[in-house]
Structure formats: structure tokens, C-alpha cells
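Summary of the model geometry
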Amino acid sequence: GPGGLGGGGGGISVGRLLDGSWLSELPSGQPVAWVALVGQEDGEDEQGEALVVARAVHSTENGGRTRCRIVAHRRPLRPGARREVEEEVNRINWENQLGVRAHAEKPDGDSPPERAVFWGERRRLDKQLGLAAEKLEQDLLGPWRFLLSAFWPAASSIEAA
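Let me sum up the structure you'll find in this document. (Residues numbered from 1 in each chain as written. Predicted model: local features only at pLDDT ≥ 70, side-chain atom pairs only at ≥ 80, totals over all residues. Heavy atoms only, no water.)

1. Notes on the overall build of the chain
For the record, the criterion: Helix numbering and strand numbering both begin at the N terminus, where a helix is a DSSP run of H or I of at least 4 residues and a strand a DSSP run of E of at least 2. Summary of the burial criterion: residues with accessible area below 20% of their type's maximum are buried, those above 50% are exposed, and those between are partly exposed, where the area comes from a 1.4 Å probe applied to protein chains only. Any two residues whose heavy atoms approach within 4.5 Å are treated as being in contact. Only the protein chains shown count as cover for residues, and the accessible areas themselves come from Shrake-Rupley with a 1.4 Å probe.
Across its full length, the chain holds four helices and five strands. Listed N to C, the secondary structure of the chain is β-β-α-β-β-β-α-α-α in terms of helices and strands. Buried positions account for 19% of the 161 residues belonging to the chain. For the chain, restricting intrachain contacts to residue pairs at least 6 apart in sequence, the fraction spanning at least 24 positions comes to 48%. Carbon together with sulfur atoms contributes 56% to the accessible area of the chain, which is approximately 10,900 Å² in total.

Right, here's the structure in full:
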């Protein structure tokens, strides 16, 4: 919708995204995790930038009522960390676009040797993107990346810890 995020006819307004009220619309027990980059108001000064990693943790109380808590961590970023990762991903994307365009313009681009060259380049770019993702995980998310994991322990085991 207007001023919202999401595709298809619906979405979440930025205000609702920020205040967390959108969580009430999720089905009970729906796993959800998110990351937000926060920083200086002017967006140029990287002092004070941080990554907030959060996850909704559901548990069932006695009586069958579902309880939802938010587990979140604000991780300060070293100056320049976000920009380095962003520039690397943009560089890989640019190389990919150039390669796809160059391949599409070749008259023999669909020949077996040219397809082999194209897919070899794609594998190289995929490897670079994987390395950039690892850097993002290490430099930006750090040990808090577990909050984004698909494999999440049952809420009862978290509460017992």
C-alpha cells in the first residue's frame, strides 16, 4: 500500500514496521526474524552505525496460550564495515550485469562453448557472492547471526537455559 513495504496488494507501513505492531498479524507460532541498519540521522557519518538483529520467540504457556517475546541485539559496527560489504556486493552485481549483457550481444552466445564460458563466469561470481555473504555474517552480524538461523531451538529449551 501507499507508504508501505511488501508486494502484491498488501504491505506493511513503515510506522507499523518500526513499532512492531505488524507482528500481531502473523499466525500463532510463525517464525520471523529481521535485521535493521540503524545509524546517524544524516546517513553519511558511520560513527554510531549499528545492526539490530531480532527474532520473535514463541512459547506456549500453561493453559495453551501462546506467548511471543522478541530477542534482539544491537551490534555496533566498526567505521566503514557496512560500506565495505555494500561496495563488494555492488561490484559483484556490476560484474554480473556486464557479463550478462556481453553474452547476450554475442551472435554465437547460445553455442556450447559460449554457454560453458558463461556458466563458468556465473560460478565464479556465485563464489564471490558467497564470500561476500560470509564477510557480512562475520563482520556485521558476528555471533548474533544465530538469530536468523532456520534451525531454532524450541522455546521451552530457551526458557530452561
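2. Some points on the packing of aromatic side chains
Applicable threshold: Aromatic rings from Phe, Tyr and Trp, with only the six-membered ring used for Trp, were paired whenever their centres fell within 6.5 Å, and each pair was classed as stacked if the ring planes differed by under 30 degrees, edge-to-face if by over 60, and tilted otherwise.
The full count for this structure, using the stated rule, is one aromatic pair. For the ring pair F118 and W119, a centre distance of 5.0 Å and an interplane angle of 85° mean the geometry is edge-to-face. Given a relative accessible area of 17%, F118 falls into the buried group. Relative accessible area serves as the criterion here: at 47%, W119 is assigned to the partly exposed category.

3. Observations concerning the pairing of strand β5 (residues 66-76)
Heads up, the condition is: Two strands form a pair only when DSSP identifies at least two bridges running between them.
Taken together, the 11 bridges between strand β4 (residues 50-60) and β5 define a ladder with antiparallel strand orientation. Within β5, the residue paired with S59 across the bridge is R67. In textbook terms, the turn of a hairpin is the stretch between consecutive antiparallel strands, and for β4 and β5 this stretch comprises five residues, one of which, G63, has a positive phi near 95°.

4. Observations regarding the environment of H103
Checked against the element boundaries, H103 lands in helix α2 (residues 81-105). Exposure remark for H103: the relative accessible area of 17% places this residue in the buried category. Setting aside residues no more than four positions away along its own chain, H103 makes contact with G109, E114, R115 and F118.

5. Quick word on the pattern of salt bridges
As a reminder of what qualifies: Within this document, salt bridges are pairs made up of a side-chain nitrogen of Lys or Arg and a carboxyl oxygen of Asp or Glu, the two lying within 4 Å of each other.
Within this structure, the stated rule accounts for nine salt bridges. Among the ionic pairs, R78 bridges to E84, the shortest N-O distance being 2.8 Å. Look at R78 and you get partly exposed, because its relative accessible area is 40%. The exposure class of E84 is partly exposed, given its relative accessible area of 35%. Taking the shortest distance from any N to any O, the salt bridge between E137 and R145 comes out at 3.9 Å. Given a relative accessible area of 36%, E137 falls into the partly exposed group.

6. Observations concerning α2
Within an α-helix, residues lying three or four positions from one another point in the same direction, as the helix has 3.6 residues per turn. What counts, and what does not: Working rule for helices: expected span equals 1.5 Å times residues minus one.
Helix length check: α2, at 25 residues, gives a terminal C-alpha distance of 37 Å against a target of 36 Å (1.5 Å per residue), a fit within 8%. Within α2, burial applies to A81, R82, V85, I92 and H103. Next to the buried residues of α2 lie β3 (32-38) and α3 (112-141).

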